[in-house]
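Commentary on secondary and tertiary structure
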Amino acid sequence: MLRRLSLRDVVIVSQLEVELDTGFSVLTGETGAGKSILIDALQLALGGRGDAGLVREGCARAEVTAEFDTPAALSGWLEDGGFSGDGLLLRRAIDVQGKSRAWINGSPATLAQLREAGEHLVDIHGQHAWQSLTRPAAVRALLDEQAGVDGAALAALWQAWKAAEAALSDARARGETLDRERERLAWQIGEVDKLAPGNDEWDELNAEHQRQAHAQSLLDGVGVALLALSDGEPAADALTTRAIDTLDDLTRYDAALGEVVQVLRGAQAQLQDAAHTLQAYLGRSDPDPARLAELDARLTAWMSLARRYRRPPAELPALLAGWRAELHTLDAAADLGALERAVVEASQRWQAEAQRVSRLRRAAAAPLAKAVTQAMQQLGMAGGRFEVVLAPLGTPQSFGLESVELQVAGHAGSSPRPLAKVASGGELSRLALAIAVSTARVGPGRGSAVPTLIFDEIDAGVGGSVADQVGRLMKQLGRSCQVLAVTHLAQVAACADHHFVVSKARQGQATVSDVQPVSGESRVGEVARMLGGERLGDTSRAHAQAMLGGAFEASVTPTRKART
């Protein structure tokens, strides 16, 4: 569950910390006080989109920190990612340039990692949730989430199938063109294959050609160097020996000269090694006119092909490899039998996955419909019925073999009809709430219901006795998970276990927002304000007191019955 939410320099919030508990909590306050800022800030900590507009005017950056209990489903993921710790701390910062940084338990994290963690922590239902109930894609996503369907996997198989069909169609249309391309490439490959250029061969040929073309100059120069080192008179080796002998005798008088002797002996060893190497060079480096002629011919052939295909000679091996790969691709593209088999196989893979998805959707539809129907009875739609209809498609689509439609019967005795055609705006809001509550109870397909549910003014458009039922429903839901609601309804606020009031005030030239828990008379005053506006009288306060007392009685009644 969400334990603590901290904000610093977010929009009109200077510094704020809210500690939350189990059960059902509400956020109330005047319009524009900043209630939705808290929800937006939490979404930011969960990896949502954010920009520099969130930074409070005159500040360098905005920061949001959300502290949660660690759900069991995330323990292994946190350990694998190097985020282990006591509890779970998500932190996000955005500066005035819009640059964002994120941390999980103090370690740098990506926004994708924040979002992945957030999927196991919080479900947020917004005030316009009802609008999605009329969009086919959103309805399908709702059912798929409950069914545990991976729509991305199905879509990827669809794309693979369509790509195979496109390749087959292209091969059929380009038959003659492909044949001409294959013939051209095959001839070019044959020409270059006669040369068979090896990788790095061009550089090796040039180096050897240099040696062969200047063989006599090399031998003459090596001979002169060898004379200077050891074979001439005087030679460097002999002169070094004389210097060593002379200084060695003098070390009796000055031991410091011993170090010079050691240096000279090291130098003499290197001179002797160099002389030995030059001697060996003279023994194996005789001029070879025949080899020079071979090299000339080979280099000429390289240059000729390079000029023909307008490429640097060193690129001929890569050019040949590229042609071979291109020919292999064209051969595959011209193999209609193989392409037809690929289409069939891709179609079969998609069909198998689509049928599996259909089974999952059918299995999830009935429990979802039953749960929503039960919730409708408590939201002023007694006798109403909710159905999730799966209609087979005449032509398969990327999302599967069927469409998903929500149908509703608003009262007993009526037949379910498409939701968009029979539900009013108020009914749509109540249905959205019923679905939100029901999906939280059923639990999404990722394994189990998330521990925290947030309703951001989802009760907009309802009132009267229905508002009472909304409050009781949320309170009932709060017994199994943490529920936080932003509301303008006094009936909903009266049912809460914990009540927070959001307010704003002027501080100097700036407007700042604050959140404070209320209880006792302060809470009575806030509920009275929600009932009657700013002009509080004894009647509105009495009404508020009665609502709070009624909500308390309703909450303890089940317990009393259980004891009897």
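Scroll up to find the structure this text is about.
The present account deals with the structure reproduced in this document. (Residues numbered from 1 in each chain as written. Predicted model: local features only at pLDDT ≥ 70, side-chain atom pairs only at ≥ 80, totals over all residues. Heavy atoms only, no water.)

Quick notes on the packing of helix H8 (residues 215–231) against helix H10 (residues 257–284)
Packed helices, taken two at a time, are described by the angle their axes make and the gap between the axes. Taken N-terminus to C-terminus, the directions of H8 and H10 make an angle of 145°; their axes are 9 Å apart at the nearest point. Of the two elements, H8 crosses H10, and the hand of that crossing is left-handed. In contact with Leu218, Leu219, Val222, Gly223, Ala225, Leu226, Leu229, Ser230 and Asp231 of H8, H10 contributes Leu271, Ala274, Ala275, Leu278, Gln279, Tyr281 and Leu282. Along the lines of polarity and charge, the residues of the contact of H8 with H10 split into 12 nonpolar, 3 polar and 1 charged. (Axes fitted to C-alpha atoms, helices over the stretch in contact; angles between N-to-C directions. Helix = DSSP H or I, 4+ residues; strand = E, 2+ residues; numbered from the N terminus. Left-handed = near helix turned anticlockwise from the far one by under 90°. Contact = heavy atoms within 4.5 Å. Nonpolar A, V, L, I, M, F, W, Y, C, P; charged D, E, K, R; others polar.)

A short note on the sheet that holds strand S10 (residues 400–409)
Picture the strands of a sheet paired through backbone hydrogen bonds; they go either parallel or antiparallel. The antiparallel open sheet is built from 3 strands, whose spatial order is S9-S10-S11. Two strands in the sheet have a free side with no partner beyond their single neighbour: strand S9 (385–397) and strand S11 (417–418). Sheet topology places S10 next to S11; 2 bridges connect them, and they run antiparallel. Of the residues in S11, the one forming a bridge with Val408 is Arg417. Contacts from helix H4 (residues 136–147) reach S9 and S10, with the element oriented near 95° to S10. (Pairing = 2+ DSSP bridges.)

A few points about the nonpolar core
Ranked by internal contacts, the top residues of the largest apolar core, which has 89 residues, are Phe24, Phe386, Val388, Phe455 and Met474. By residue number, the principal contributor to this core is helix H13 (residues 336–377), which donates 13 residues. Discounting chain neighbours no more than four positions away, the residues touching Met474 are Phe24, Leu433, Phe455, Ile458, Val483, Ala485 and Val492. Core analysis: the second largest hydrophobic core is formed by 45 residues, Leu7, Leu16, Leu44 and Val515 among them. (Core = buried A, V, L, I, M, F, W, Y, C linked by side-chain atoms within 4.5 Å. Buried < 20%, exposed > 50% of the residue type's maximum accessible area, 1.4 Å probe, protein only.)

Concerning the sheet that holds strand S6 (residues 100–104)
Pairing is antiparallel across the open sheet formed by 6 strands, whose spatial order is S2-S1-S4-S5-S6-S7. Whereas interior strands pair on both sides, the edge strands pair on one side only; in this sheet they are strand S2 (13–19) and strand S7 (107–109). Each neighbouring strand pair of the sheet contributes to a mean axis angle of 15°, computed without reference to strand direction. Taken together, the 3 bridges between S6 and S7 define a ladder with antiparallel strand orientation. Paired with Ala102 across the strands is Ala109, a residue of S7.

Quick look at the packing of aromatic side chains
All chains considered together, the criterion is met by 6 aromatic pairs. With 5.5 Å between their ring centres and 35° between their planes, Trp202 and Trp302 make a pair best called tilted. On the criterion of sequence distance, the pair formed by Trp202 in helix H7 (residues 201–213) and Trp302 in helix H11 (residues 289–308) is long-range, its members being 100 residues apart. Of the two residues, Trp202 and Trp302, both sit in the buried class. Look at Tyr309 and Trp323: their rings are 5.0 Å apart centre to centre, the planes differ by 75°, and that puts the pair in the edge-to-face class. One end of the pair, Tyr309, is in the loop between H11 and helix H12 (316–334); the other, Trp323, is in helix H12, with 14 residues separating them in the sequence. (Phe/Tyr/Trp six-rings, centres within 6.5 Å; stacked < 30°, edge-to-face > 60°.)

The analysis is restricted to geometry; functional conclusions fall outside its scope.
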